[in-house]
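# Observations on the model geometry
Now for the letters of each chain:
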Amino acid sequence: MNKKKLILTIITFVLFVVVFVLACMLFNKYILKFNFEKDILSFAEKNDKVVFYIDKIVFFSSCDSKNKTDYINNFTIDNLYQYTDLAIYINNQSTDEINSENTLKRISISNIQFNKKPELGNAKLFFKSINNFAKSDFKDTDEITDSLDFDITSQDKTNLDFPTLYNNLANPITLSYVNQNIKSNYQITDISIPLSYDGSLLKRCNVDLSSISCNLSFDINITNNLDENFKSSVFIDIPLEINDKSIYDGNISFSKNVNFIFYRF
């Protein structure tokens with residue numbers, strides 16, 4: 001009888017433990033579901049109105065070489081690089097008036113990712129002054145290695161050679177994607193055709209456009225003057241061809257309508 005009681009006690013204890021564990025699992029599942037639904041509802045309530053969004057990006061793609069050596073019978077190209085300048089326009093006209101909600105207090109770029117790296121070259125992202133937009137010049141000191149914080153101003157006149165945005169977003173974010181060292185110490189022996197230091201260099205140097213295609217992404221973070229935080233993830237395919245024109249023709253430039261929304265967190 002004692003043995004039967006012992007077995008029954010053990011079985012009862014095991015059943016109790018199993019029921020307790022199952023109850024804890026169900027309770028945790030309910031709590032997770034409840035918190036998830038609460039977060040979703042809170043997120044939806046915060047974003048019932050769009051305050052900031054990117055509606056346009058202007059692109060300019062071309063090519064150049066850092067060092068150019070002309071000899072009697074050939075040209076030597078060193079550090080052949082392809083670049084694409086970007087002008088990113090953030091729209092804040094959710095209302096007819098400028099107020100604390102739709103003006104900038106802080107803005108930064110972070111989480112730069114080269115999701116599809118070019119097969120040739122070394123891709124980097126730089127800040128670029130709007131005064132140098134569509135020019136092949138770039139400064140190594142302007143490379144964005146981790147993140148970039150912009151100065152915010154409301155002055156009518158300011159120096160835009162540095163990362164600066166008007167607090168009412170009157171000027172765009174200007175960046176430059178640069179893919180360096182696509183070709184180095186490359187000799188062009190056919191000097192009967194004049195050499196142009198633009199996108200046609202890629203063709204003269206036998207660079208297949210598919211070998212330098214790239215997709216990159218980054219986050220733009222905004223804090224408005226109500227201390228509310230917003231973020232938008234921007235994805236960009238570096239344009240090398242559009243319609244019936246390619247960078248081989250010298251350069252390509254165009255404006256693209258987009259819809260990257262900033263979500264409030």
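Here, the structure is the one placed above.
Structural notes, computed from the coordinates. In this text, all values refer to a predicted model and were calculated from it rather than measured experimentally.

The rules behind these values
- Residues numbered from 1 in each chain as written.
- Predicted model: local features only at pLDDT ≥ 70, side-chain atom pairs only at ≥ 80, totals over all residues.
- Heavy atoms only, no water.
- Pairing = 2+ DSSP bridges.
- Helix = DSSP H or I, 4+ residues; strand = E, 2+ residues; numbered from the N terminus.
- Buried < 20%, exposed > 50% of the residue type's maximum accessible area, 1.4 Å probe, protein only.
- Contact = heavy atoms within 4.5 Å.
- Salt bridge = Lys/Arg side-chain N within 4 Å of Asp/Glu carboxyl O.
- Disulfide = S-S within 2.5 Å.
- Phe/Tyr/Trp six-rings, centres within 6.5 Å; stacked < 30°, edge-to-face > 60°.
- Core = buried A, V, L, I, M, F, W, Y, C linked by side-chain atoms within 4.5 Å.

### Looking at the sheet that holds strand E10 (residues 215-224)
Pairing in this open sheet of five strands is antiparallel, and the strands run E5-E3-E10-E11-E15 from one edge to the other. In this open sheet, the two edge strands, each paired with only one partner strand, are strand E5 (148-149) and strand E15 (263-264). Pairing of strand E3 (residues 104-116) with E10, which is carried by nine bridges, proceeds in the antiparallel orientation. Across the sheet, residue Ser108 finds its bridge partner in E10, namely Asn221.

### What about the environment of Asn168?
Mapping Asn168 onto the fold places it in the loop between strand E7 (164-166) and strand E8 (173-183). For Asn168, a relative accessible area of 31% puts it in the partly exposed group. For the pair Asn168 and Asn91, spaced 77 residues apart in sequence, the C-alpha to C-alpha distance is 9.3 Å. Apart from the residues lying within four places of it in its own chain, the contact partners of Asn168 are Asn92 and Ile98.

### Focus on the pattern of salt bridges
The full count for this structure, using the stated rule, is six salt bridges. Between Lys49 and Glu101 there is a salt bridge; the shortest N-O distance is 2.7 Å. Of the two residues, Lys49 sits in the loop between helix H1 (2-46) and strand E1 (53-70) while Glu101 sits in the loop between strand E2 (75-91) and E3, which places them 52 residues apart along the sequence. Overall, Glu101 belongs to the buried group, its relative accessible area being 16%. A salt bridge links Arg264 to Glu101, with the nearest nitrogen and oxygen atoms 3.7 Å apart. Of this pair, Arg264 sits in strand E15 while Glu101 sits in the loop between E2 and E3, placing them 163 residues apart in sequence. For Arg264, a relative accessible area of 10% puts it in the buried group. Here the salt bridges do not stand alone but share partners, grouping Lys49, Glu101, Glu228 and Arg264 into one network.

### Thoughts on unusual backbone geometry
Of note in this structure, Leu169 is not a glycine but carries a positive phi near 60 degrees. Structurally, Leu169 can be placed in the loop between E7 and E8. Even without being glycine, Asp227 reaches a positive phi, approximately 60 degrees. The topology assignment puts Asp227 in the loop between E10 and strand E11 (229-237).

### Considerations on the state of the cysteines
If you walk through the whole model with that rule in mind, you get zero disulfides. We note that Cys63 lacks a disulfide partner, and the nearest cysteine sulfur, in Cys205, lies 7.3 Å from it.

### Brief notes about the pairing of E2
With 15 of its 17 residues buried, E2 lies for the most part within the structure. Both E2 and strand E9 (residues 186-188) contribute to a ladder of three bridges, which runs antiparallel. Residue pairing in the sheet places Phe75 in a bridge with Ile188 of E9. Bridge analysis of E2 against E8 gives eight bridges, and the strand direction is antiparallel. If you follow Ala87 over to E8, its bridge partner there is Thr174.

### Considering the packing of aromatic side chains
All chains considered together, the criterion is met by eight aromatic pairs. For the ring pair Phe52 and Phe262, a centre distance of 6.4 Å and an interplane angle of 75 degrees mean the geometry is edge-to-face. Note that Phe52 is positioned in the loop between H1 and E1 and Phe262 in the loop between strand E14 (252-261) and E15, a separation of 210 residues in sequence. On the accessibility criterion, Phe262 (1% relative accessible area) is buried.

### Some words on the side chain of Thr164
By the element assignment, Thr164 lies in strand E7. Residue class for Thr164 comes out buried when judged on its relative accessible area of 9%. Discounting residues that sit within four places of it in the chain, Thr164 has contacts with Phe150, Asp151, Thr153, Thr158, Asn159 and Asn171.

### Some thoughts on the nonpolar core
Grouped together as the largest cluster of nonpolar side chains are 52 residues, with contacts concentrated most on Ile54, Ile90, Ile173, Phe218 and Ile220. With six residues, E2 is the largest single contributor of residues to this core. Dropping the residues within four chain positions of it, Phe218 is found in contact with Ile88, Ile109, Ser110, Asn111, Ile112, Leu125, Leu175, Ser232, Ser233, Val234 and Ile236. Among the nonpolar cores identified, the runner-up in size contains six residues, and Phe60, Phe126, Phe138 and Val178 belong to it.

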